[in-house]
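Fold and geometry: a report
Here are the chains, one letter per residue:
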Amino acid sequence: MPGKEFAARLGWHASKVSRIELARQSASPADIGAWVDGAGGEPADRRALLGLLDQARESQHTFRQRLRHGQAPVQAGYNALMERSRHMRDFHTVLVPGMLQTPEYARAVLTAAERQAGAGTSDLEEAVRTRMERQRYLYTDRRFDFLICEPVLRWGIVPWDAMLVQIDRLRSVIDLPNVRLGLLPVSTPLPVLPLHMFEMRDDLVLVETISRELRYEGSEAATYAAVFESLWRYAVTGVQARDYLTRVSASRPPREPHVRPGQTRDDGPGGGSSPSRR
């Protein structure tokens with residue numbers, strides 16, 4: 001369709017269509033919605049494009065700002081990043097990596113993220129579905145290295161029965177030919193200080209703080225890659241990792257009232273640490 005005809009359909013000046021097409025003007029969420037509708041697109045197209053917009057803006061916006069349009073576009077943005085990446089390296093100290101989460105675990109994490117950010121738009125179930133869609137990449141020729149610290153298996157993110165399902169999910173990926181799963185027991189002496197979680201998508205590093213996501217490339221990314229490999233040498237893998245997960249499953253913690261993510265035993269709703277949006 002000619003640009004002038006498309007602009008007339010949207011009620012825009014023709015130059016606006018040209019500026020957006022040539023990347024001379026950024027599209028707003030409303031512009032994307034109008035464009036998709038005018039082109040006869042589907043809701044999935046809208047989510048994917050909003051996700052790409054979120055990725056483009058991430059360095060300038062806090063999580064509270066990013067979640068203004070809901071969590072599904074944020075998840076779609078991570079899906080788009082996965083689509084163009086070939087080697088994934090995840091180091092997690094608190095949460096199960098999003099790529100390996102069960103729906104119930106993901107729902108708990110995203111609920112906490114929504115509460116903590118004070119998001120006004122709730123699209124929780126759509127966000128969970130979008131995150132689950134990403135797991136199909138586990139069954140492609142992409143490479144995945146998951147390095148998980150033992151506390152991840154102990155935190156009360158979900159009730160223990162749900163955590164058992166989550167641990168079984170971790171066991172299930174050990175035999176995938178393109179997946180390496182490593183566990184770092186708390187008793188293991190480490191050569192470096194694992195101060196925070198991080199993920200790598202090829203040579204791009206993603207680090208979450210309480211309020212926003214930071215991204216690094218170049219020499220800083222190389223530093224993270226070196227730390228990852230250094231920590232990996234101390235990980236329990238393969239059959240030993242499966243046995244370790246089995247032992248954790250058998251060690252039910254003392255029964256205590258379950259605390260919702262984002263809430264402490266002493267405080268009301270709203271407390272807690274930063275939940276992973278990925």
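Since the model is a prediction, treat every value here as computed from it, not as a measurement. (Residues numbered from 1 in each chain as written. Predicted model: local features only at pLDDT ≥ 70, side-chain atom pairs only at ≥ 80, totals over all residues. Heavy atoms only, no water.)

**A short note on the overall build of the protein chain**
A count of helical and extended segments in the protein chain gives eleven helices and six strands. A buried classification covers 49% of the 278 residues belonging to the protein chain. Taking the contacts inside the protein chain whose residues are at least 6 apart along the sequence as the reference set, 75% of them involve residues at least 24 apart. For the protein chain, the exposed surface amounts to about 13,700 Å²; the carbon and sulfur share of it is 53%. (Helix = DSSP H or I, 4+ residues; strand = E, 2+ residues; numbered from the N terminus. Buried < 20%, exposed > 50% of the residue type's maximum accessible area, 1.4 Å probe, protein only. Contact = heavy atoms within 4.5 Å. Areas by Shrake-Rupley, 256 points an atom, 1.4 Å probe, with all protein chains shown as cover.)

**Examining the side chain of aspartate 31**
On the secondary structure map, aspartate 31 appears in helix H3 (residues 29–38). Beyond its immediate sequence surroundings of up to four residues, aspartate 31 is in contact with Trp12, Lys16, Ile20 and Ser26.

**Regarding the confidence of the model for the protein chain**
Detail in the predicted coordinates should be disregarded across regions flagged by low pLDDT. Chain-level pLDDT for the protein chain is 86 on average; 85% of the residues reach the 70-or-more range. Every residue in residues 264–273 is under pLDDT 50, and counting partners more than four places away or in other chains gives 17 contacts. (pLDDT = per-residue confidence, 0-100.)

**Brief notes about the pattern of salt bridges**
One side chain can pair with another of opposite charge once the charged atoms of both are near each other. Applying the stated rule across the entire model yields 13 salt bridges. Between glutamate 83 and arginine 142 there is a salt bridge, with the nearest N and O atoms lying 3.9 Å from each other. In this pair, glutamate 83 sits in helix H6 (residues 71–83) while arginine 142 sits in the loop between helix H8 (124–133) and strand S2 (143–149), placing the two residues 59 residues apart along the sequence. For aspartate 168, the salt bridge is made with arginine 171, and the minimal N-O distance between the two is 3.3 Å. (Salt bridge = Lys/Arg side-chain N within 4 Å of Asp/Glu carboxyl O.)

**A few points about the sheet that holds strand S6 (residues 213–216)**
In a beta sheet, neighbouring strands pair by backbone hydrogen bonds and run either parallel or antiparallel. Strands sit in the order S3-S2-S1-S4-S5-S6 across an open sheet of six strands; the sheet is mixed. Looking along the sheet, the strands with just one partner apiece sit at the ends: strand S3 (179–184) and S6. Ignoring which end each strand starts from, the neighbouring axes of this sheet average 15° apart. Two strands pair when backbone bridges link them, and S2 and S3 are joined in this way by six bridges, in the parallel orientation. Each bridged residue has a counterpart across the sheet, and for phenylalanine 146 the counterpart in S3 is leucine 181. (Pairing = 2+ DSSP bridges. Axes fitted to C-alpha atoms, helices over the stretch in contact; angles between N-to-C directions.)

**Focus on the pairing of strand S5 (residues 204–208)**
Taken across its five residues, S5 has five buried, putting it largely inside the fold. The alternating pattern of S5 places Leu204, Leu206 and Glu208 on one face and Val205 and Val207 on the opposite face, and all of these are buried. Pairing geometry for strand S4 (residues 198–201) and S5, over three bridges, is antiparallel. Looking across to S5, one finds that glutamate 199 is bridged to leucine 206. The turn linking S4 back onto S5 is made up of two residues, and aspartate 202 within it adopts a positive phi angle of 60°.

**Comments concerning helix H1 (residues 3–10)**
Taken together, the buried positions of H1 are occupied by Phe6, Ala7 and Leu10. All buried residues of H1 project into a common sector of 100° when viewed along the axis, lining one side. More than 90 degrees from the buried face of H1, the exposed residues found are Lys4, Ala8 and Arg9. Where H1 is buried, its residues meet helix H2 (14–21) and H3. Taken from the residues just after H1, glycine 11 is the one with a positive phi, measuring 75°. (Arc of directions from axis to C-beta.)

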